[in-house]
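This is what each chain is made of:
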Amino acid sequence: MAALMAALARPLRRGPAGLGTALRREAMGGPGGWGRPGTQVLRKSLQKGVVLSAGSFLVYEAHKLISGFAEVHASFKVEDVIEQADYLYGSGETEKLYRLLVQHKNSDDAELLWRLARSSRDLAQLGSTSAEEKRQLTYDSLEYAKKALEKNEANFAAHKWYGICLSDVGDYEGIKTKIGNAVIIKEHFQRAVELNPKDATTIHLIGVWCYSFAEMPWYQRKIAATLFATPPTSTFQEALRYFHMAEEADPNFYSKNLLFLGKTYLKLNNKKMALLWLSKAKEYPAQTEEDKQVQKEALELLNSI
């Protein structure tokens, strides 16, 4: 489970290379509805004749100063709030985004609620967030994602973030809960992919899930055996299939997907293909700290072959 925990616990970062950025595509257009890093929100807004929501965002800022972040005025349309939220998300304005969306925690709109779940999780990941606040935000994010699902079970992003947030809560409740929730997490990821087959990041996370169970150590398998009549299992072949599916959905979208392709081929004793994908991971432009870590691990694995 270590690989899955690490992947789901990864902070959401800015830049075109991290999982955070891959997840950040939810605010952008492109393959599977997400798109390439950069200024897709700006481009979309300009196409609509709106200067990056500058007008509406400035109105919101003025309203914020007057109201002191009181409940959003009824004249604010859901579409406007979502546009402002997506702009802030694309800009990496984590705290501003949370302050905007938390005003809508009682909303019945799934699109607002899953964004609030995501922003709560993002805020929890910040280094400036205290341990107590992190814990509260982690549990809050799960509640928001759960509410989003209740409002719209057909919303793929709600399933995706429910799975991610459920895994986060498991970090506070121990390995038994983490393993016990694993099947539920995978089910929500799979449902998200059913609803949006082109969402590369969720496909990648299913691959990590499979990889984690394929290499699960004996003591965790023993725990799983006590929790399930038939403990969940997977294989490296299954993990490989999902990593390739993610790459097909959005080629070269994430350095770690390339790394996992190389690592999985190593597990399958296919050194030729492992060399190919590890080389791609090593050569992937390092624009985040995570990319640098991927390059380092890929180089170490290449040297060991």
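Heads up: the structure comes first, above all this text.
The following paragraphs examine the structure supplied in this document. No experiment lies behind these values; they were computed from the predicted model shown.

## Re the overall build of the protein
Reasoning step 1: For the protein, the count of helices and strands is 16 helices and 0 strands.
Reasoning step 2: Looking at the protein as a whole, 52% of its 305 residues qualify as buried.
Reasoning step 3: Relative to all contacts within the protein whose residues are 6 or more apart in sequence, the contacts with residues 24 or more apart total 64%.

## Section: the packing of helix H5 (residues 78–90) against helix H6 (residues 94–101)
Reasoning step 1: One can describe the packing of H5 onto H6 by two numbers: an axis separation of 8 Å at closest approach and a directional angle of 160°. It follows that H5 is roughly antiparallel to H6 by the angle criterion. In the crossing of H5 with H6, the sense of the turn from one axis to the other is left-handed. Contact with H5, carried on its side by Val 81, Gln 84, Ala 85, Leu 88 and Tyr 89, involves Lys 96, Leu 97, Leu 100 and Leu 101 of H6 and no other residues of that element.
Reasoning step 2: Grouping the constituent residues of the contact of H5 with H6 by class yields 7 nonpolar, 1 polar and 1 charged.

## Observations concerning the nonpolar core
Reasoning step 1: In terms of nonpolar packing, the biggest core is built from 69 residues, with Leu 101, Phe 243, Leu 259 and Leu 278 touching the most fellow members.
Reasoning step 2: With 10 residues, helix H11 (residues 200–214) is the largest single contributor of residues to this core.
Reasoning step 3: Filtering out sequence-adjacent residues up to four positions away, Leu 278 remains in contact with Leu 259, Gly 262, Lys 263, Leu 266, Ala 298, Leu 301, Leu 302 and Ile 305.

## Considerations on the pattern of salt bridges
Reasoning step 1: Throughout the structure, instances matching the rule amount to 11 salt bridges.
Reasoning step 2: In this structure, Glu 111 and Arg 115 form a salt bridge, with 2.6 Å as the shortest nitrogen-oxygen distance. Highlighted residues: Glu 111 and Arg 115, both in helix H7 (residues 110–125), separated by 4 residues, approximately one helical turn.
Reasoning step 3: A relative accessible area of 5% means that Arg 115 is categorised as buried.
Reasoning step 4: In this structure, Asp 168 and Arg 121 form a salt bridge, with 2.5 Å as the shortest nitrogen-oxygen distance. Of this pair, Asp 168 sits in helix H9 (residues 156–173) while Arg 121 sits in helix H7, and the two are 47 residues apart along the sequence.

## Quick word on H5
Reasoning step 1: Relative to the 18 Å expected for 13 residues at 1.5 Å per residue, H5 spans 18 Å between its end C-alpha atoms, a close match to the ideal helical length.
Reasoning step 2: Among all positions in H5, only Val 81, Ile 82, Glu 83, Gln 84, Ala 85, Asp 86, Leu 88 and Tyr 89 are buried.
Reasoning step 3: One or two steps after H5, the chain reaches Gly 92, where phi turns positive at roughly 75°.

## Quick look at unusual backbone geometry
One can expect most non-glycine residues to show negative phi and most peptide bonds to be in trans.
Reasoning step 1: Here Asn 252, not a glycine, exhibits a phi torsion of approximately 60°, which is positive.
Reasoning step 2: As for its placement among the helices and strands, Asn 252 is situated in the loop between helix H13 (236–249) and helix H14 (255–267).
Reasoning step 3: In this structure, Asn 269 is a non-glycine residue whose phi angle is positive, near 60°.
Reasoning step 4: With a relative accessible area of 67%, Asn 269 lands in the exposed category.

## Concerning the packing of aromatic side chains
Reasoning step 1: For the structure shown, the criterion picks out 6 aromatic pairs.
Reasoning step 2: Judged by centre distance (6.1 Å) and plane angle (45°), the ring pair of Tyr 139 and Tyr 172 falls under tilted. A residue pair is termed long-range when its members are at least 10 positions apart, and Tyr 139 in helix H8 (residues 131–151) and Tyr 172 in helix H9 qualify at 33 residues.
Reasoning step 3: Residue classification places Tyr 139 among the partly exposed residues on the basis of a relative accessible area of 24%.
Reasoning step 4: What links up through ring pairs into an aromatic cluster is the set Tyr 211, Phe 236, Phe 243 and Phe 260.
Reasoning step 5: Over the ring of Tyr 89 we find Arg 118, and its NZ or CZ is 3.4 Å from the ring centre.
Reasoning step 6: For the cation-ring pair, Lys 263 lies above Phe 260, with the distance from its terminal atom to the ring centre recorded as 4.9 Å.

## What about H9?
Reasoning step 1: Here H9 contains 18 residues, and its C-alpha end-to-end distance of 26 Å stays within 8% of the 26 Å for a straight helix at 1.5 Å per residue.
Reasoning step 2: Most of H9 sits inside the fold, with 15 of its 18 residues counted as buried.
Reasoning step 3: Structurally, the start of H9 carries an N-cap: the backbone nitrogen of Ala 157 is 3.1 Å from a side-chain oxygen of Asn 155.
Reasoning step 4: Downstream of H9 by a residue or two, Gly 174 has a phi angle that is positive, lying close to 95°.

## Here's the deal with the packing of H13 against H14
Reasoning step 1: Packing of H13 against H14 leaves a shortest axis separation of 10 Å and a crossing angle of 150°. Compared by their axis directions, H13 and H14 come out roughly antiparallel. Both H13 and H14 take part in a crossing whose hand is left-handed. Contacts between H13 and H14 involve Phe 236, Leu 240, Phe 243, His 244, Ala 246 and Glu 247 from the former and Asn 257, Leu 258, Phe 260, Leu 261, Thr 264, Tyr 265 and Lys 267 from the latter.
Reasoning step 2: Looking at the contact of H13 with H14 residue by residue, the class counts come to 8 nonpolar, 3 polar and 2 charged.

The rules behind each value
Residues numbered from 1 in each chain as written. Predicted model: local features only at pLDDT ≥ 70, side-chain atom pairs only at ≥ 80, totals over all residues. Heavy atoms only, no water. Helix = DSSP H or I, 4+ residues; strand = E, 2+ residues; numbered from the N terminus. Buried < 20%, exposed > 50% of the residue type's maximum accessible area, 1.4 Å probe, protein only. Contact = heavy atoms within 4.5 Å. Axes fitted to C-alpha atoms, helices over the stretch in contact; angles between N-to-C directions. Parallel < 35°, antiparallel > 145°, perpendicular 65-115°, else oblique. Left-handed = near helix turned anticlockwise from the far one by under 90°. Nonpolar A, V, L, I, M, F, W, Y, C, P; charged D, E, K, R; others polar. Core = buried A, V, L, I, M, F, W, Y, C linked by side-chain atoms within 4.5 Å. Salt bridge = Lys/Arg side-chain N within 4 Å of Asp/Glu carboxyl O. Expected span 1.5 Å × (residues − 1). Phe/Tyr/Trp six-rings, centres within 6.5 Å; stacked < 30°, edge-to-face > 60°. Lys NZ or Arg CZ within 6 Å of the ring centre and 35° of its normal. Polar contact = N/O pair within 3.5 Å; in protein donor to acceptor, adjacent residues only side chain to side chain.

All quantities given are derived from atomic positions and should not be read as evidence of function.
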